[in-house]
Structures are given as structure tokens and as C-alpha cells.
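Single-letter residue listing:
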Amino acid sequence: MRDTTDDAAFRRTLLLLTLAGLAVRVALLVLEPSTSPVADERTWTDWARIVAERPSPFRHRMIFHPPLYPYFLAGPYALTGSFLPALALQVLVASLLVPAVGRVGALTVGRTAGLVAAACAAFYPELVWFSCHFWVENVFLVLLWWAFERLLAADRSGRARDALAAGLLWGAAVLARETALYFLPVAAGWLALRRGCSGLARAGTMIAAAVLVVAPWTWRNWEAFDAFVPVSTAGGQNLFQGNTDIPRDETYRMVDAVEGRIEQYRYARAMGLAAIRDRQPAWIFEKLAAQMPMFWEAESMALIHVKRGAYGKVRPGAALALSVVMLLPYLAVLALALRGLATLPIARGMPLLLLFLAYYNAIHVVTHGFNRYRLPVMPVLFLLAGWAWRPAPAM
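Because the structure is a prediction, the values reported are computed rather than measured.

How each quantity is defined
Residues numbered from 1 in each chain as written. Predicted model: local features only at pLDDT ≥ 70, side-chain atom pairs only at ≥ 80, totals over all residues. Heavy atoms only, no water. Helix = DSSP H or I, 4+ residues; strand = E, 2+ residues; numbered from the N terminus. Contact = heavy atoms within 4.5 Å. Buried < 20%, exposed > 50% of the residue type's maximum accessible area, 1.4 Å probe, protein only. Salt bridge = Lys/Arg side-chain N within 4 Å of Asp/Glu carboxyl O.

(A) Molecular detail of the environment of Leu22. As for its position among the elements, Leu22 is in helix H1 (residues 2–31). Along the primary structure Leu22 and Ser95 are separated by 73 residues, whereas in three dimensions their C-alpha atoms are 5.2 Å apart. Excluding residues that lie within four positions of it along the chain, Leu22 makes contacts with Val91, Leu92 and Ser95.

This is the structure we're talking about:
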């Protein structure tokens, strides 16, 4: 009886946290000072306009970026001629990260710690700010963490339908950010190693479902560009600019000078691999020293927006207040997560999530680090912080 009561209380609290997270995001959408897309945001909105005008994937040349987010923005834009409805939809979708993190927490570190992690996801200032701006991370995080939730549920329940849902969600996440693709074998392998042959069957179901989602876009790339490109070609550019001493803007000019999208990708990839080879044997140590401080730096895209002038002239006092609001929660979560990691029992799904944390660090050592890129692994830190924050068991 107690388990049933506790489960109902957990679901009720998680719903309230989700609604509170949604309310905070709606409030920011309504009250935030007027701004316009800046830097990479313009890439997403520009592609969304192209997709809205030519929705068939064979009528445009998108291949550098994954397709899901431009299509996500393009639907509301095509219907209304404005991006405001797309932002409203995005705010709603972004709030769904809260129950995903809470449920992952319940399946790994327990309900209490899961609710603390869900509260972090609901009110973490960076996530709230991102929900009102044009970044693919808003959609990517929701798909990825619901995929983790269904994966852990499949392991616990043994149901093939949970593994199927995990694969479908994972495939959709890959179409938002290709970085999820290369962790899929690890996630499926973890599922395969659990519970013998039934685990292997669920892993196969998950991979098949993910491939089913991604394959149509891969086929489109083959038909449109006569090359095997699973999702996008941005990885080549990232490898190049992240490993060469050539200035970033110059690497783009060098790549753009090559004729053909696929030829550009192959050239950038070759230049990146050559740079890595030339920097041996010290490459990995140099990259760790250069990229990890950038990946984990106490910085915020909201503050970068202020520095770029997206809000116009901002008074020093207001800029200082924004810095405190954005950075103190990050530092607090980081400190609590380190404490939680020191006391965490390695049980259930946490090893998989810690592997994902290590993987995401690794790919940004190989390419390049930036504070925005750590958002997909912040829920891992929320879970570790939730474990540290939970009340100590009674003696």
C-alpha cells in the first residue's frame, strides 16, 4: 500500500514541478526584453524559412545541419508567418524535460533525488532562458532524455514496447543532434547485457527502431548528394576547426572554397585528421587542457547575448544581476554533483548515464568545447546533485 501511495505522491509532485517549469518559461517568453536571433540562432531560423517555403527534403540542399529542428520551427512559421508560435510550442516542449529527468531519477537514484533533479530541470536559469530562444538543444534534450527514460523502463519492465519507444525517441534525437548517433551502440549494448537473451532482443528492437527513424533522411542524402551521410556533414568542419591552429573564420573560408557539399565535408574531415596526426603525441593532453575549461566554464549564453548586444545597451547593474542569476545555480549544481558522485552507489542505470557524461566530454575534447554544448549532460549533474541533496536515511 505504501508503494502505491508513494508512487501517486511522486507523480503528483512531478506534475506540479512540470507545470511550474512551464509557467516560468511562459513568464520569460512574455516578459523578456525584445531581442532578435543572434549568431547560430539565425542559421536555424533561416533554414526554417527555406523549409517552410520548400518542405520537400529534395527541394533544398540542407546537409550541413541535421533536419529536425528547422522542420520543427518551419511548421508554425508556415502557418502564421511568424516565429512566435514556434517559440510558444518550443516552450511547451522544453518543459517536458522536467518529467523526463524526474522519471530517470526515480529509475536510478530514487524518487526523492529524482524530484530534486526534476526541480533543477524546471528552474535552472540557463534552461529556462534557452526555451525562449532558437537553439536545437531545446528539442534535443527532451527527445534524448525521454529516450533514456524509456530505455531504463525497458530494462526494468522487460517490455519490448518500451525498447521500441526508446529507439524511436533516440532516432528522433539523432535527427536533432547527430552526437546522439554514436552513443546508440553503447546504450543498446548496455541493454543487451542485462537479463540475458531478453535483453539482447530489447537491444535489437531499440536499434531497429532508431534506424527506422534515421534511415529515410540517410536515403534522402544518398539520393540528393550521391554519398553516404547518415545525418549531416557538420562533423567534418568541427573536427577541422577544433584541431587546427588556423583561425576559425579562415577554416570556414577554406572549406567554402571547395566546390560541392560532400567534397567540402571530405576536405574538412581530412584537414582535421591531418591536424590531429601532426600534433601527436601531445595532442590529447593539449586538447584536454584547451577544451575542458571551455566546456565547463562558468559562462552562459544569456550573458553572451548581452555581450553581443542582442538586448541593446544593458546597465552594468543589470548585467551583474544576470550574471549572478545565471552562474550561481550552475556552480551550486556542479558542487553538489561532485559531492553526489563521491557517495553514489553504482546501481541500476547510473553507470550508463555516467558513460554518457564521459562520452559527451570526449567528443568535445576531440572537436571543441563550449558552454552551450554541456546542456545535454546537465541532467546527469542534476541527478548527482539530487542524490547529494536527498535527506540522509534515518538511523
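(B) View of unusual backbone geometry. Here Gln280 and Pro281 are connected by a cis peptide whose omega angle stands at 5°. Tracing the chain through its elements places Pro281 in the loop between helix H14 (261–278) and helix H15 (283–295). Of note in the backbone geometry, Asp226 takes a positive phi value of approximately 55° without being a glycine. With respect to the secondary-structure elements, Asp226 resides in the loop between helix H11 (196–225) and helix H12 (234–243). Classification of Asp226 by relative accessible area gives exposed; the value is 60%.

(C) The pattern of salt bridges, seen in detail. Inspection of the entire model under this criterion finds 16 salt bridges. Arg111 is the partner of Asp7 in a salt bridge, and the nearest nitrogen-oxygen pair spans 3.5 Å. Here Asp7, found in helix H1, pairs with Arg111, found in helix H6 (residues 111–123); they are 104 residues apart in sequence, far enough to count as distant. The partly exposed category is assigned to Asp7, whose relative accessible area is 26%. One continuous salt-bridge network, built from bridges that share partners, spans Arg103, Glu149, Arg150, Arg159 and Asp162.

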